[in-house]
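Results of the structural survey
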Amino acid sequence: MAENEIAIEVRDITKSFKVYLDKGSQLKERLLFRKRSRYEERKVLRGISFTVKKGEAIGLIGHNGCGKSTTLKLLTRIMYPDSGTIKLKGRVSSLIELGAGFHPDMSGRENIYTNAAIFGLNKKEIDSRIQSIIEFSELADFIDNPVRTYSSGMYMRLAFSVAINVDADILLIDEILAVGDANFQSKCFNKLREIKAQGTTIVIVSHSLGQIEQICDRSIWIHEGLIRAEGPPKEIDLEYLDYMSRKLQDSNKKNAEAEAADSEEPVENKQGKRWGSGEARIKRIRSFAADGTEQSVFRTGEDIRLTVEYNVKKPVRDAVIGFGIFDMNGVQCYGTNTRIDKLPEFELTEGGTAEVTLKNVQLISGEYMIDIAIEQGEGIPVDYYRQAYKIQMISAYGDSGIARVDHSWKLQR
Amino acid sequence: MSTIKELYDYRQMIFSLVKKDLRGRYKGSVLGFLWTFINPLFQLIVYTIVFSKILRNDIPRYYLYLFVALIPWIFFSSSITVGAASIVAQKDLIKKIYFPRMVIPISYVTSCFVNMLLCFIVIFAVIIVTGAGINFLAVLTLPIIMIVEYVLALGMAMMTSAITVYFRDLEHILGIVAMAWMYLTPVVYSKSIVPERYLPLFNLNPMTHIIDCYRTVLYDKRVPDLTTLLWAAGLGVFFLIVGALVFNRLQKHFAEEL
């Protein structure tokens, strides 16, 4: 076994799909509407080449529709390229569609046999693995019950356990490390590391750059059917993030402009998201980076400056302005207002702008909704605007939780 | 060659698909597995009444004459008609995961084959109960005939299942074809009443020879003619090769067409 043995060799593959505008696969339709079965040819891959050494782990990254999943499907041989060649050495297992061929009426144990057989294992090989599969799935108590009685988490755990215990030479993974609870996920992750250490070649497609950075030796960024960059995950991922954040800002800006053109003022009480006496109204919310450019995508650790423009119909005495940050599950990450922060109460008499700068924001990557509220005195809502604004955080770390807690490690030997 | 090796590696998958099919086929029905026998028995009763009581013929023990041909015929016709839909029926599997696609027609035809073997138990029971008698030496050739028929059915199923993916009407067309084919094969009648000038055409039909062999062994109690058997085997292998070639060519785009 040479050190530099090549496990996967992909040479100049192209693939296009026919997108039928109106496809008839019946005889009648074929004959009668021959002209109608027009299609558009969509080139998904325009010539991709790469090689993966044995025992190496690579991550394919890129935005939706860039061709990374298609590349993976070609590697599994579910589909074939239009031109170019793919050479794979050894047994291939894929964690792409978990639980293919599971039969709901059969027991977990029987399904292990069926499913493993689909990966090309024979009975003897399955017999020797069944114990470790059941153990890994943590389903020993339920293994003889029909699979239809399983929860979806149990189902995925069983499927994952089979696929990962195939002992493949090449393992192809598509976005599946979202299996089960956090405990099981970290177990899967450890198992992947173990498998990698045993010399299995791994190809991962994922949106979670953190996962890729933790496992992969190399990232390949596929952009519009071509390889745009390739190299160590830390560098490539950052380059990719940078590109994505710029793109996101462009589209957000466009959306915002479109929205602004729609209505000068946010629609009143949109889906119960807004309430209050209405003496003062929030007119516009904007966010800026430290250097003053307007943007709504920020990196973890950046400063965010929020500005709130408002109108006043009737003066509001003892006014309080506050904000709350919520993650997409509705969990409040932070919230405060001018009273909590012990600012003197003030009176709103005419329209103006309030500004708050959030320093060194340590929220982990994801989207966050911001509530803005103008209140009077001890919490009488004047204009409470729920989910008034959206920001997105991006981060190259793969940590989890709500916010990054600053930390440092010291390991003693 | 590499295809054969790969199929051998996936033998467990074939076994488990066959098992799943046999177990799942009559699931939920009251009579369950008995339907395997009831279906052909009723066909046998209907054909026997029509062709021996109404249309009349002078073939002694016509029910047995028909039975030993009908069971192999049902195997063949279900292999090509229902087998044609086998790839489409397994589209979830095909779109999701790699395995040699031939596994599917193979396992489908094999499960039909197992059904036929089970029906042969009934045939032997009928032979024994009615005292028709058995020639043991002749029966020894039965497995060869069965294998030849299996090879032929597999070749046809590969072809029909692969083409059906691209052309779904085939599944329905085959229903008609199978019916016509049955009447163009000496199943309900004897080859000897076929007019001389049509005989070359009948001889091209591989099923003519196969049915002929079954009948020779189980009804006439003789060892089948070697030429008949060779004809059948030759045509069977020919169809298998053509079927495999067609299948291999068409399978590359299964995932996209389904």
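Model, not experiment: these values are computed from the prediction. (Residues numbered from 1 in each chain as written. Chains lettered and ligands numbered in written order. Predicted model: local features only at pLDDT ≥ 70, side-chain atom pairs only at ≥ 80, totals over all residues. Heavy atoms only, no water.)

Looking only at helices and strands, chain B features 14 helices and 0 strands. Scanning chain B from its N terminus toward the C terminus, one meets helices and strands in the order α-α-α-α-α-α-α-α-α-α-α-α-α-α. Compactness check: chain B gives a C-alpha radius of gyration of 19 Å against a globular reference of 18 Å for 258 residues, within 12% of the reference. In chain B, which comprises 258 residues, the share counted as buried stands at 52%. The long-range share in chain B, meaning contacts at least 24 apart out of those at least 6 apart in sequence, stands at 78%. Surface accessibility of chain B: about 12300 Å² in total, with carbon and sulfur atoms responsible for 70%. Charge-centre separation for chain B: the mean point of 22 positive side chains lies 6 Å from the mean point of 14 negative side chains. (Helix = DSSP H or I, 4+ residues; strand = E, 2+ residues; numbered from the N terminus. Rg over C-alpha atoms; globule rule 2.2 N^0.38 Å. Buried < 20%, exposed > 50% of the residue type's maximum accessible area, 1.4 Å probe, protein only. Contact = heavy atoms within 4.5 Å. Areas by Shrake-Rupley, 256 points an atom, 1.4 Å probe, with all protein chains shown as cover. Lys, Arg positive; Asp, Glu negative; His and termini not counted. Charge placed at Lys NZ, Arg CZ, Asp CG, Glu CD.)

Right, let's get into the sheet that holds strand E8 (residues 218-223) of chain A. Residues and elements named next belong to chain A. Ordered by their spatial adjacency, 6 strands build an open sheet running E5-E6-E7-E3-E8-E9, and the pairing between neighbours is mixed. For this open sheet the edge positions go to strand E5 (92-95) and strand E9 (226-231), each flanked by a neighbour on one side alone. The sheet shows a mean angle of 20° between the axes of neighbouring strands, direction not considered. Two elements, strand E6 (residues 170-174) and strand E7 (residues 201-205), share 5 bridges in a ladder whose sense is parallel. The residue of E7 that forms the bridge with Leu-172 is Val-203. Along the sheet, helix H5 (residues 152-164) makes contact with E5 and E6, crossing E5 at roughly 160°. (Pairing = 2+ DSSP bridges. Axes fitted to C-alpha atoms, helices over the stretch in contact; angles between N-to-C directions.)

Attention shifts here to the interface of chain A and chain B. Each side of the interface is counted separately: chain A has 30 residues, and chain B has 28 residues. Taking both partners together, chain A and chain B bury about 2600 Å²; carbon and sulfur atoms supply 58% of that area. It is Ile-78, Tyr-80 and Ile-118 of chain A in chain A that bury the most area against chain B; as a group they hold 24% of the surface buried on that side. Taken together, the connections running from chain A to chain B amount to 2 salt bridges. For Glu-6 of chain B, the salt bridge is made with Arg-77 of chain A, and the minimal N-O distance between the two is 3.9 Å. Linking chain A with chain B are 2 residue pairs in polar contact (both at pLDDT 80 or more). Listed by contribution, the elements that provide at least two residues to the side of chain A that touches chain B are strand E1 (6-20), helix H1 (27-32), helix H3 (108-118) and helix H4 (123-137) of chain A. The biggest single contributor to the side of chain A that touches chain B is H3 of chain A, with 4 residues. When grouped by side-chain class, the residues that make up the side of chain A that touches chain B number 12 nonpolar, 9 polar and 9 charged. (Buried area = accessible area lost by both parts, 1.4 Å probe. Salt bridge = Lys/Arg side-chain N within 4 Å of Asp/Glu carboxyl O. Polar contact = N/O pair within 3.5 Å; in protein donor to acceptor, adjacent residues only side chain to side chain. Nonpolar A, V, L, I, M, F, W, Y, C, P; charged D, E, K, R; others polar.)

Turning to the packing of helix H9 (residues 142-166) of chain B against helix H12 (residues 206-218) of chain B, a few remarks are in order. Residue and element names in this part refer to chain B. One way to put it is that H9 packs onto H12 with a least axis distance of 10 Å and a crossing angle of 160°. With respect to their mutual orientation, H9 and H12 come out roughly antiparallel. In terms of crossing hand, the pair formed by H9 and H12 is left-handed. Between H9 and H12, the contacting residues are Leu-142, Ile-145, Met-146, Val-148, Glu-149 and Leu-152 on the first element and Pro-206, Met-207, Ile-210, Cys-213, Tyr-214, Val-217 and Leu-218 on the second. The residue makeup of the contact of H9 with H12, split by class, is 12 nonpolar, no polar and 1 charged. (Parallel < 35°, antiparallel > 145°, perpendicular 65-115°, else oblique. Left-handed = near helix turned anticlockwise from the far one by under 90°.)

This part takes up the environment of Leu-218 of chain B. Tracing the chain through its elements places Leu-218 of chain B in helix H12. With a relative accessible area of 4%, Leu-218 of chain B lands in the buried category.

Let us now look at the domain arrangement of chain A. Taken domain by domain, chain A comprises domain 1 (6-241) and domain 2 (279-394). Put simply, the middle of domain 1 of chain A and the middle of domain 2 of chain A, counted by C-alpha atoms, are 43 Å apart. (Domains from an automatic or database assignment.)

Further remarks concern the pairing of E8 of chain A. Residue and element names in this part refer to chain A. Within E8, 6 of the 6 residues are buried, which leaves it mostly tucked inside the rest of the structure. Of the two faces of E8, the one lined by Arg-218, Ile-220 and Ile-222 and the one lined by Ser-219, Trp-221 and His-223 are each fully buried. Taken together, the 4 bridges between strand E3 (residues 57-61) and E8 define a ladder with parallel strand orientation. Counterpart to Ile-58 in the pairing with E8 is Arg-218. As defined by bridge partners, E8 adjoins E9 across 5 bridges and the pair is classed as antiparallel. Paired with Ser-219 across the strands is Gly-231, a residue of E9. In this antiparallel pair of consecutive strands, E8 and E9, the connection spans 2 residues, and Glu-224 shows a positive phi of 50°.

The subject of this paragraph is unusual backbone geometry. Residues and elements named next belong to chain A. Backbone geometry places Glu-138, a non-glycine residue, at a positive phi of 60°. When you line up the elements, Glu-138 lands in the loop between H4 and H5. A positive phi angle, near 50°, is found at Glu-224, a position not held by glycine.

This paragraph deals with the packing of aromatic side chains. One pass over the full model with this rule turns up 19 aromatic pairs over all chains. For the pair Phe-136 of chain A and Phe-160 of chain A, a centre-to-centre distance of 6.4 Å together with 20° between the ring planes defines the contact as stacked. With a gap of 24 residues between them, Phe-136 of chain A in helix H4 and Phe-160 of chain A in helix H5 connect regions that are remote in the sequence. Given the relative accessible area of 0%, Phe-160 of chain A is considered buried. Here the aromatic rings of Phe-120 of chain B and Phe-124 of chain B are separated by 6.4 Å at their centres, their planes lie at 50°, and the arrangement is tilted. Of this pair, Phe-120 of chain B and Phe-124 of chain B both sit in helix H7 (residues 103-129), 4 residues apart, which is roughly one turn of that helix. The class for Phe-120 of chain B is buried, based on a relative accessible area of 3%. A network of ring pairs unites the aromatic residues Trp-221, Tyr-240 and Tyr-243 of chain A as a single cluster. (Phe/Tyr/Trp six-rings, centres within 6.5 Å; stacked < 30°, edge-to-face > 60°.)

What follows is about the environment of Phe-189 of chain A. Among the secondary structure elements, Phe-189 of chain A is positioned in helix H6 (residues 182-197). Residue Phe-189 of chain A is classed as buried on the basis of its relative accessible area of 9%.

Another point: a nonpolar patch on the surface. A grouping of Leu-41, Phe-42, Ile-45, Ile-49, Ile-54 and Leu-55 of chain B is seen on the molecular surface, where their side chains present a nonpolar patch of about 600 Å² in accessible area. Summarising the element assignment, Ile-45 of chain B is placed in helix H3 (residues 35-54). (Patch = residues over 30% accessible without salt bridge, like charges linked within 9 Å, V, L, I, M, F, W, Y side chains within 5 Å.)

All names here are of chain A. What the 3 strands build is an open sheet, ordered E11-E13-E17; its pairing is antiparallel. Taken across any chain shown, the strands that pair with only one partner, and hence form the sheet edges, are strand E11 (280-288) and strand E17 (352-358). Taken over all neighbouring pairs, the strand axes of this sheet differ in orientation by 20° on average, direction set aside. Of the pairings in the sheet, the one linking E11 to strand E13 (residues 304-312) comprises 8 bridges and is antiparallel in character. Each bridged residue has a counterpart across the sheet, and for Arg-281 the counterpart in E13 is Asn-311.

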